[in-house]
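Chain residues, written in single-letter form:
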Amino acid sequence: MATIFSGKGLRRQAVFWAAFFVLFIAFLFVFSSILLPFLAGMALAYFLDPIADRLEKWGLSRMMATIVILVGFIVVFALSLVLIIPIIFTQASEFIAKIPDYVASFQDFLASPHAEILPDWLQSQLPAIRQNSARLLAQGASFLGTLVQQLWNSGVALLDIISLFVVTPVVAFYLLLDWDRMVAKVDSWIPRGQLSTVRQIASDMDSSIAGFVRGQGSLCIILGLYYGILLTVAGLNFGLLIGFFAGIISFIPYVGSMVGLVLAVGVALVQFWPDYFWVIVVACIFFSGQFLEGNILQPKLVGSSVGLHPVWLMFALLAFGSLFGFVGLLVAVPAAAALGVLVRFALARYLESDVYHSPPTHTTIEAQPNVPHSLT
């Protein structure tokens, strides 16, 4: 039989979590300018903790497991920084510079004799499409410039980048080394009467955040490499950039693959047409990536424990990014997952409380004499 919680206890728990949330937001506001390397180090330690636990089971000490993991991570990150990231940045700058040319070439393609294959209603709209695409291009360029400037001003300055590369590994090392002890210490602070409840909430939060941060993060990296490598092998201009970008934003369901498909097919039409074979190859790369994601990567890496609706996820990213800049983007996903767990917990407590189960209040209504309605 379900336990019936009193309205007083429910209100007390609601006040506690509301106060905790307010303090958390206030902390972010006060220290947002210095939090980036610490949050990155915490995220890195959280991401790598299961590997450290696995190495401990294989016989390594926690210190040695932490050293092996961080050295390996730094080596992989350094190789990426030397080999992949410069290529991506170079392709990004070249792609931005060539966007007007690509738009003009695509407009010429729409106006070419090949456009005869299009339906009549679409051919009649081609002049408006060409005019609107130029206007949208100008607005998009302005938006990207404003976004980059806001991100830069919100904390991604040169000093912050330096501190990110210097402080983050140190923070990650100490947190990864002491992770289990810190969890045990926090567990010892929990009121004994609420121990099982808080542990269940923490377990649900960990499952939700881990499913997204570890599972979805690994999925995005694998998809980015998959798209980038295959598009590059197919000979698509800026293939590594487009594929990596599509993979990174794949944490929002269907958005990453659709954006990547539109960009890649658009570039392929301008680059390869009338050799439509390579256009089909580019499209098939994204379709195969969707099959790989939905049937192999998603069930294996993420599973069904995330519980983050795409709309709630996008709202959290926009809201936290607007409030706290780049730091907010780092906090948005785990905060959204934690808030989702708390909301589900509060709703379950409400449905089990006497506030929900209280009987209806019956009031006696005295009989009124029949009074004829006034005629108008």
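Residues numbered from 1 in each chain as written. Predicted model: local features only at pLDDT ≥ 70, side-chain atom pairs only at ≥ 80, totals over all residues. Heavy atoms only, no water.

(A) Fine view of the packing of aromatic side chains. With the rule as written, the count across this model stands at five aromatic pairs. Here the aromatic rings of tyrosine 226 and tyrosine 227 are separated by 5.9 Å at their centres, their planes lie at 65°, and the arrangement is edge-to-face. By relative accessible area, tyrosine 226 is classed as partly exposed at 24%. Judged by centre distance (5.3 Å) and plane angle (75°), the rings of phenylalanine 277 and tryptophan 278 are edge-to-face. For phenylalanine 277, a relative accessible area of 49% puts it in the partly exposed group. (Phe/Tyr/Trp six-rings, centres within 6.5 Å; stacked < 30°, edge-to-face > 60°. Buried < 20%, exposed > 50% of the residue type's maximum accessible area, 1.4 Å probe, protein only.)

(B) Representation of the environment of methionine 63. Take methionine 63: it is sitting in helix α3 (residues 62-111). Note on methionine 63: relative accessible area 39%, which makes it partly exposed. (Helix = DSSP H or I, 4+ residues; strand = E, 2+ residues; numbered from the N terminus.)

(C) Structural detail: the environment of asparagine 295. Tracing the chain through its elements places asparagine 295 in helix α11 (residues 276-302). With relative accessibility at 49%, the residue asparagine 295 sits in the partly exposed group. Of the polar contacts made by the side chain of asparagine 295, one reaches the backbone oxygen of phenylalanine 291; its length is 3.0 Å. (Polar contact = N/O pair within 3.5 Å; in protein donor to acceptor, adjacent residues only side chain to side chain.)

(D) Highlighting the nonpolar core. Residues Leu231, Leu236, Ile242 and Phe286 are the most contacted members of the largest nonpolar core, which totals 28 residues. Counting only elements with at least two residues in this core, the list comes to α3, α8 (195-233), α9 (239-248), α10 (255-272) and α11. Ignoring sequence-local partners within four residues, the contact set of leucine 236 consists of Leu231, Ile242, Ala264, Val267, Ala268, Gln271, Phe272 and Val282. Counting residues in hydrophobic clusters, the runner-up holds 20 residues, among them Leu28, Phe212, Phe320 and Ala336. (Core = buried A, V, L, I, M, F, W, Y, C linked by side-chain atoms within 4.5 Å. Contact = heavy atoms within 4.5 Å.)

(E) Fine view of the side chain of arginine 62. Relative to the helices and strands, arginine 62 resides in helix α3. When its relative accessible area of 11% is taken as the criterion, arginine 62 is described as buried. A distance of 2.9 Å separates polar atoms of two side chains, one belonging to arginine 62 and the other to glutamate 56. Leaving out residues up to four positions away in the same chain, arginine 62 has contacts with Asp49, Ala52, Asp53, Glu56, Leu176, Leu177, Trp179 and Asp180.

(F) Main features of the pattern of salt bridges. Tallied over the entire structure, the rule returns six salt bridges. We note a salt bridge from glutamate 56 to arginine 62, for which the minimum N-O separation is 2.9 Å. Here glutamate 56 falls in the partly exposed class, since its relative accessible area comes to 30%. Between aspartate 178 and arginine 181 there is a salt bridge whose closest N-O contact spans 2.1 Å. Residue classification places arginine 181 among the exposed positions, given a relative accessible area of 56%. Several salt bridges converge on common partners, so that one network encompasses Asp49, Asp53, Glu56, Arg62 and Asp180. (Salt bridge = Lys/Arg side-chain N within 4 Å of Asp/Glu carboxyl O.)

(G) Summary view of unusual backbone geometry. Phi is positive for phenylalanine 238, close to 60°, though the residue is something other than glycine. Of note, phenylalanine 238 is situated in the loop between α8 and α9.

(H) Representation of α8. End to end, α8 covers 55 Å across 39 residues, agreeing with the expected 57 Å (1.5 Å per residue, within 8%). Along its length, α8 reaches its greatest deviation from straightness, about 30°, at alanine 210. Positive backbone phi, at 85°, marks glycine 235, one or two positions downstream of α8. (Expected span 1.5 Å × (residues − 1). Bend = angle between axes of the 7 residues up to and from the residue.)

(I) Structural view of the side chain of serine 250. Turning to its location among the elements, serine 250 is positioned in the loop between α9 and α10. Overall, the relative accessible area of 4% leaves serine 250 in the buried class. In this view, serine 250 contacts Gln216, Cys220, Leu223, Gly256, Ser257 and Glu293; residues no more than four positions away in its chain are not counted.

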